[in-house]
Amino acid sequence: MLKDITLGQYFPGESVIHRMDSRAKILLTIVYIVMLFIANNVVGLGLSVVFAGLLYVIAKIPMRMILRSLKPVIPIVIFTAVLNMFFVQGEGQPLFSWWIFKLYKEGLYTAGFMAVRIVCLIAGTSLLTYTTSPITLTDGIESLLKPLEKVHFPAHELAMMMTIALRFIPTLIEETDKIMSAQKARGADLDSGNLMQKVKSLIPILIPLFVSAFRRADELALAMECRCYRGGSGRTRMRQMKLSGIDACASAVLILSLAIVIATNFLIPAVI
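Residues numbered from 1 in each chain as written. Predicted model: local features only at pLDDT ≥ 70, side-chain atom pairs only at ≥ 80, totals over all residues. Heavy atoms only, no water.

Colleague: Quick rundown of the pattern of salt bridges? Include the residues and the values.
Modeller: The final tally for this structure, using the stated rule, is 3 salt bridges. Note that R23 and D21 form a salt bridge whose closest N and O atoms lie 2.9 Å from each other. D21 shares its class with R23; the two are buried. A salt bridge links E174 to K178; the shortest N-O distance between them is 3.7 Å. One end of the pair is E174 and the other is K178, both in helix 8 (residues 155–185) and 4 residues apart, which spans about a single turn. The partly exposed category is assigned to E174, whose relative accessible area is 48%. (Salt bridge = Lys/Arg side-chain N within 4 Å of Asp/Glu carboxyl O. Buried < 20%, exposed > 50% of the residue type's maximum accessible area, 1.4 Å probe, protein only. Helix = DSSP H or I, 4+ residues; strand = E, 2+ residues; numbered from the N terminus.)

Colleague: Could you give me a rundown of the nonpolar core, with the residues and numbers involved?
Modeller: Generally speaking, a soluble globular protein has its nonpolar side chains buried in company with each other. Grouped together as the largest cluster of nonpolar side chains are 16 residues, with contacts concentrated most on M20, L28, Y32, M35, L36 and L254. Of all the elements in the fold, those that place two or more residues in this core are helix 2 (22–38), helix 3 (42–59), helix 6 (105–130) and helix 11 (245–267). Setting aside chain neighbours within four positions, we find M35 in contact with S48, L254, S257, L258 and V261. Listed in part, the 11 residues of the second largest apolar core include F11, I17, Y56 and L70. (Core = buried A, V, L, I, M, F, W, Y, C linked by side-chain atoms within 4.5 Å. Contact = heavy atoms within 4.5 Å.)

Colleague: Lay out helix 2 in plain terms, naming residues and giving numbers.
Modeller: The end-to-end C-alpha distance of helix 2 is 24 Å, a good match for the 24 Å that 17 residues give at a rise of 1.5 Å each. Buried within helix 2 are the following residues: S22, R23, A24, K25, I26, L28, T29, Y32, M35 and L36. The opening residue of helix 2 is D21, an N-cap whose side-chain oxygen sits 2.8 Å from the backbone nitrogen of R23. (Expected span 1.5 Å × (residues − 1). Polar contact = N/O pair within 3.5 Å; in protein donor to acceptor, adjacent residues only side chain to side chain.)

Colleague: Outline the side chain of T132, listing residues and values.
Modeller: Note that T132 resides in the loop between helix 6 and helix 7 (134–145). Since its relative accessible area comes to 3%, T132 is described here as buried. Within polar-contact distance, the side chain of T132 engages the side chain of K25 at 2.9 Å. At a separation of 2.8 Å, a polar atom in the side chain of T132 contacts the main-chain carbonyl oxygen of L128. With near-sequence residues (within four places) excluded, T132 lies in contact with Y10, S22, K25 and L137.

Colleague: How would you summarise the packing of aromatic side chains if you had to cite specific residues and measurements?
Modeller: Aromatic rings considered in pairs are described by the distance between their centres and by the relative angle of their planes. Across all of its chains, the model carries 3 aromatic pairs by this definition. Between F11 and Y130 the ring centres are 5.1 Å apart and the planes differ by 75°, which places this aromatic pair in the edge-to-face class. Placement of F11 in the segment before helix 1 (16–19) and of Y130 in helix 6 is noted, with a sequence separation of 119 residues between them. Across this residue pair, the class does not change: F11 and Y130 are buried. (Phe/Tyr/Trp six-rings, centres within 6.5 Å; stacked < 30°, edge-to-face > 60°.)

Colleague: Run through the packing of helix 2 against helix 7, naming residues and quoting values.
Modeller: At a closest axis distance of 8 Å, the pairing of helix 2 and helix 7 adopts a crossing angle of 70°. Put simply, helix 2 runs roughly perpendicular to helix 7. Of helix 7, the residues touching helix 2 (which contributes S22, R23, I26 and L27) are T136, L137, G140, I141, S143 and L144. Among the residues forming the contact of helix 2 with helix 7, the class breakdown is 5 nonpolar, 4 polar and 1 charged. (Axes fitted to C-alpha atoms, helices over the stretch in contact; angles between N-to-C directions. Parallel < 35°, antiparallel > 145°, perpendicular 65-115°, else oblique. Nonpolar A, V, L, I, M, F, W, Y, C, P; charged D, E, K, R; others polar.)

Shown next as structure tokens:
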């Protein structure tokens, strides 16, 4: 399961999406999230699904990567779907009734709608890190937050912290997997037992993981200090960012899709 977490990983490529400006990709990702939550009918949500699928095809990201990114959130999707399935009230007689649980047709529709929305949310936001290197992502976040420096907001430091956090997610996942394998080799039973026993079995994993994480953080801080890192003041950029025609076309397509989704909200009955 740990190896299936692909959040924060970058897959180099030469696709159109890889060549887009990081600032445009960050803003368009936010717009896509807004489009997902605005859509309240099947047509609008279907357009969001098709849009995300086309982006993955253009970016040439393998289908197995999409499935790997979705696998860890399957329990959340199932839990959300079950809650909506049994606690959304509908009109008429319920399809199923037992104790306090009543299943209506509207509950089924809402459960499926919410499950697809969560899947699209994970897939759409994961595409940002898949197609943007950590350094470029840092530059983009810092550039977008730079106007806030006038009110003494630490834009560079915040962007650096966010990117370092994303960068070390795969590293910590790999470290966790190694620690679990080492503990199993020493005879630790991590899979069987009741809930309390499984929680207690995590202690031999969490303690070495925290020690390793703090050691890595200390080594990283020492390396940055040795290179005279003093924050964003006076720093220059090796690569200058500039918007291109690709960014303008992608923005126009997404804004048009958002407008269509908003229009469908007025023309088609809502599911939720």
